[in-house]
Structure formats: C-alpha cells, structure tokens
Amino acid sequence: MKFHIVEQVLLEENSCVRKVTLNRPQKLNSLNFEMVSQIFKVLEAYENDSTVKLVILKGKGRAFCAGGDVMGVFHSAFGGHWSFGARFYKKQLALDYLIGTYKKPLVSLINGIVMGGGAGLSMRSRFRVVTENTVFAMPEASIGLFPDVGATHFLSKLPGHFGEYIGLTGARIKGAEMLACGLATHFVPSKNLPLLENALDQISSSEASTISNLINKFSYKVDVKQDCAFKRLEVINRCFSRETVEEILQSLEKEAADGEEKWIKEAIRSMRSSSPTSLKITLRLMREGPNQNLEDTLRRDYLIFCHILMRTVNNDFFEGSRALLDKDKNPKWEPSRLELVSKERVNQHFAKIEDINWEKLELHYGRNTTNQAMARL
C-alpha cells in the first residue's frame, strides 16, 4: 500500500520574494502544531536572509485559514493532558508575535475564509489584501473560548465599538466591509490575484511605498452594502458602548423592538447562544485592549487559554466543542445565564496559575513591538 504525503505548508522562492501557502484545504487550512512550527521556522529564516525583500502568505482552496485546529486541541486535552494544547498554543502565539514584529514587509492574500488563528496570522501583516470571496469572523465565544491569538489588540483599534460587535457576536464580515473598517488595506477582485502575484514576484525592494503603489494598481474602491453592519456604526456604538454584556444585550433588544434590521436579530441570537462566561471575558479583554501592547495581550491570552484548558473555572470549552462535534448545537453552559457569571468568576481566568507543570509565555525580547499592522494606507 502506498501513502501519499501531502505537504501542509508549501514554500516558493522567486528572486527576492518568498511565498508561504497553507495547504490543508480539506480542513480549511486550519493550523496544527506541525504547520505553525514550519511557518515559524521559515519566516525566521526569511527575516534573517538579506536577499529576501518581501514575504507573501496565502491559503490554498476556499479559505486563507479558518483558525487553529480546535478539535485537535479538544481531543488531546479531553483524552490526555492539557499540556499538549498549551504547547501548541504557545507556539502559535510565538508565531503571531513574530509576524506582528516582523522586520520585512508581509503581504497576506486573503481570498476566502479567515477566522481565529487565521486572523492572528494575517491581521498583523503590513499589507492585507481581500477579495469578494473573503469572510472574516472571530466566533470563539460560541464554543466557550474568546477572541484569542491577540485579536483584541487589533479589534480594539477599529472605529467606535465595531471591535466589540465583532468579538461578542462572531459576526461575519466580508471583504468590502473589512476594507472600510480597517481590517484590510486593499481590495483586489479575485480574478486579478494571479496578476498581482506575478507583479509582486518582480519586487526587489522592501520599501512599503513601492509595494503599496504596486498593489494599488490592482486595487478597487468598493462600496459597503447598505445592509452591512458597518453602515450602522451609530447604532453599534450606542449598544456596544454599554458597560456590561447584559446592558449591551438589553440595548440590542430595544433596537430590535423598534425595527426589523436583520443584523441586530442575528447579533442577539448569537450572543444568547454563546457561553455567558466567554462573553464576559471577551468584553473585559476588549475594554483593556487599547492599553495593552502586543506582548502583554498575547501573554494574557495564553494565561486565560490555559485556565480554560485546565478547567480551573468551568467546562465550557469542552462542552462547546462537544456540541460542535456532535452537531447538536445545544451546549450546556456553566453558568447558563449572564447574570450568574460574577465578576469574581471572570477574574479567575486572569489569575496566576499555580500548577507546577505550567510555564508562562516567553516571547523574544529585543524585537520592535511597535505594531504597524493596522496602519491605513
């Protein structure tokens, strides 16, 4: 019997340009430990190679990357020990930090689904190119997690309270909307991506202005559809600026009673079905986001994720994963209602872990932590 080994990360060299392609299309390019390790290794090598002027990240198939391999973490932690999931997540956050402090220009070509860990890879690239096929979301609260991989660091920089809206509802944002709110830097129709790639292959300079001007030649200005949530930023600000998750939901329900807008009803439905504890963790993270640098955000996310893996507070991640795996879509959250999730319970996720086997997240020091990824071009 012959076994065909498929490379999960494809590497391509072209003069001064290097391409890294996620090649796990049957799993929507979800990241496993081997992929994260390989990407980290090659990006580190490219950064130290003086002949490399530009790195391109992309995904094969209909997704850029749908996130980390959550089911893999679930199975390993459920059937074994929490330390495997912690080891994987530590490596993933180290990669996110490398990308967020990268010394050379990175171009992410996001032609499809980008969620969770995929956002951690792409949203810190200097150039973030989206298409009409792009769909962005951070739906972690629906399975008992939170917008991790440092997502609250960039979500908190979005206009008004749009970041809270994305993080608390898991709303799906399309390419044009991503460009409008600042998640993307360029919109290029998918039919033109091969032409853009060919042009980028000729790049021999790391100058941001040179790369930006080249991408601009293929870019389009696109209008956000009238029914998109970003067009309702005034309402979003009014609702999601409230102090608590309960007050946010009450404001949304009041808005829903006054009209028939679909996005509001979807937001309410999503929040009502998500883990109450996860929602409260998310809101705290979002409110602290503007005062946190990238390092602090990643360390804090690692701490919370390990609490969740160890089940020191509740079982929501394992219950949410079970409901997703069994396809019953009916997780039994603990506690089951927002009003039962106390401030003290939320704070437990931010407390020091006492387990002797646990080690805090160590990131490379001496790197430039000035995050330029969210710059508008």
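Bear in mind the structure is a predicted one, so any value in this text is a computation, not a measurement.

Asker: Looking at this model, I keep getting lost on the confidence of the model for the chain. Mind explaining?
Answerer: Caution applies to low-pLDDT regions: their predicted coordinates should not be interpreted in detail. Here the chain averages 92 in pLDDT, and 94% of its residues register 70 or above. The low-confidence segment residues 371-377 (pLDDT under 50) makes 26 contacts with residues lying over four places distant or belonging to another chain.

Asker: Can you walk me through the pairing of strand 7 (residues 127-130) in this structure?
Answerer: Side chains on a regular strand alternate between the two faces of the sheet. Residues Phe127 and Val129 point to one face of strand 7 and Arg128 and Val130 to the other, with burial holding for every one of them. Sheet topology note: the strand 5 (residues 106-110)/strand 7 ladder contains 4 bridges and is parallel. Paired with Ser108 across the strands is Arg128, a residue of strand 7. Where strand 7 and strand 10 (residues 186-187) come together, 2 bridges link them in parallel fashion. In the strand pairing of strand 10, Val130 is matched with Phe187.

Asker: What is the right way to read the pattern of salt bridges from this model?
Answerer: A pair can form between side chains of opposite charge whenever their charged atoms are brought close. Scanning the entire structure with this criterion turns up 23 salt bridges. In this structure, the salt-bridge partner of Lys254 is Asp258, at a minimum N-O distance of 3.7 Å. On the criterion of helical spacing, the pair formed by Lys254 and Asp258 is a turn pair, its members being 4 residues apart in helix 11 (residues 245-258). Neither residue differs from the other here; Lys254 and Asp258 are each classed as exposed. Note that Arg299 and Glu295 form a salt bridge whose closest N and O atoms lie 3.1 Å from each other. Here Glu295 and Arg299 lie together in helix 14 (residues 294-310), a separation of 4 residues that amounts to about one turn.

Asker: What is the right way to look at the side chain of Ser278 in this model?
Answerer: By the secondary structure assignment, Ser278 is in helix 13 (residues 276-288). Each residue touching Ser278, except ones within four places of it in the same chain, is listed here: Ala141, Gly144 and Leu145.

Asker: Please explain the sheet that holds strand 7 as it appears in this structure.
Answerer: Sheet strands associate in pairs through backbone hydrogen bonding, adopting either a parallel or an antiparallel arrangement. Judged by pairing direction, the sheet is mixed, and its 6 strands sit side by side in the order 1-2-3-5-7-10 without closing on themselves. Two strands bound the open sheet, and with one partner strand each, they are strand 1 (9-14) and strand 10. The sheet strands contacting helix 1 (residues 33-47) are strand 1, strand 2 (17-22), strand 3 (54-59) and strand 5, and the helix crosses strand 2 at an angle near 175°. The strands touched by helix 9 (residues 208-216) within the sheet are strand 3, strand 5, strand 7 and strand 10, with strand 7 carrying the most contacts at an inclination of about 10°.

Asker: Quick question: what am I supposed to make of the packing of aromatic side chains here?
Answerer: The geometry of two aromatic rings is summed up by the distance between their centres and the angle between their planes. According to the stated counting rule, one finds 8 aromatic pairs in the structure shown. Here Tyr89 and Tyr302 contribute two aromatic rings whose centre-to-centre distance is 6.3 Å and whose plane-to-plane angle is 15°, an arrangement assigned as stacked. Placement of the pair is Tyr89 in helix 3 (residues 82-100) and Tyr302 in helix 14, with a sequence separation of 213 residues. The same class applies to Tyr89 and to Tyr302, which are both buried. Relative to Trp263, the ring of Tyr165 lies with its centre 5.6 Å away and its plane at 85°, an arrangement referred to as edge-to-face. Of the two residues, Tyr165 sits in helix 6 (residues 162-169) while Trp263 sits in helix 12 (residues 262-273), which places them 98 residues apart along the sequence. Pair check on accessibility: Tyr165 and Trp263 agree, each one buried. Taking the ring centre of Phe40 as reference, the NZ or CZ of Lys91 above it sits at 4.7 Å. Over the ring of Phe350 we find Arg284, and its NZ or CZ is 3.6 Å from the ring centre.

Asker: Help me understand the environment of Gly175, please; the structure alone is not making it clear to me.
Answerer: Counting through the fold element by element, Gly175 comes out in helix 7 (residues 175-181). Through-space distance from the C-alpha of Gly175 to that of Phe187 is 7.0 Å; in sequence the pair is 12 residues apart. The residues touching Gly175, leaving out its near neighbours within four places in the chain, are Val130, Thr131, Thr134 and Phe187.

Asker: How do you make sense of helix 12 when you look at a structure like this?
Answerer: Side chains that are three or four residues apart share a direction in an α-helix, a result of its 3.6 residues per turn. Relative to the 16 Å expected for 12 residues at 1.5 Å per residue, helix 12 spans 17 Å between its end C-alpha atoms, a close match to the ideal helical length. Those residues of helix 12 that sit buried are Trp263, Ile264, Ala267, Ile268, Ser270 and Met271. Around the axis of helix 12, the buried residues are gathered within 165° of arc, so they sit on the same side. Turned more than 90 degrees away from the buried face of helix 12 sit Lys262, Arg269 and Arg272, all of them exposed. In this structure, the buried residues of helix 12 make contact with helix 6, helix 10 (233-240), helix 11 and helix 13.

Asker: Please clarify how the state of the cysteines should be interpreted in this entry.
Answerer: Two cysteines form a disulfide when their sulfur atoms are joined by a covalent bond. Using the criterion set out here, one finds 0 disulfides in the structure. Cys181 takes part in no disulfide bond, and the closest cysteine sulfur, belonging to Cys228, lies 10 Å away.

Asker: Explanation requested: the sheet that holds strand 9 (residues 173-174) in the structure shown.
Answerer: Taken in spatial order, the 4 strands make up an open sheet running 4-6-8-9, and their pairing is mixed. The open sheet is flanked by strand 4 (63-65) and strand 9, the only strands paired with a single partner. Pairing analysis gives 2 bridges linking strand 8 (residues 135-137) to strand 9, with the strands arranged antiparallel. Paired with Phe136 across the bridge in strand 9 is Ile173.

Reading the values: rules and limits
- Residues numbered from 1 in each chain as written.
- Predicted model: local features only at pLDDT ≥ 70, side-chain atom pairs only at ≥ 80, totals over all residues.
- Heavy atoms only, no water.
- pLDDT = per-residue confidence, 0-100.
- Contact = heavy atoms within 4.5 Å.
- Buried < 20%, exposed > 50% of the residue type's maximum accessible area, 1.4 Å probe, protein only.
- Helix = DSSP H or I, 4+ residues; strand = E, 2+ residues; numbered from the N terminus.
- Pairing = 2+ DSSP bridges.
- Salt bridge = Lys/Arg side-chain N within 4 Å of Asp/Glu carboxyl O.
- Axes fitted to C-alpha atoms, helices over the stretch in contact; angles between N-to-C directions.
- Phe/Tyr/Trp six-rings, centres within 6.5 Å; stacked < 30°, edge-to-face > 60°.
- Lys NZ or Arg CZ within 6 Å of the ring centre and 35° of its normal.
- Expected span 1.5 Å × (residues − 1).
- Arc of directions from axis to C-beta.
- Disulfide = S-S within 2.5 Å.

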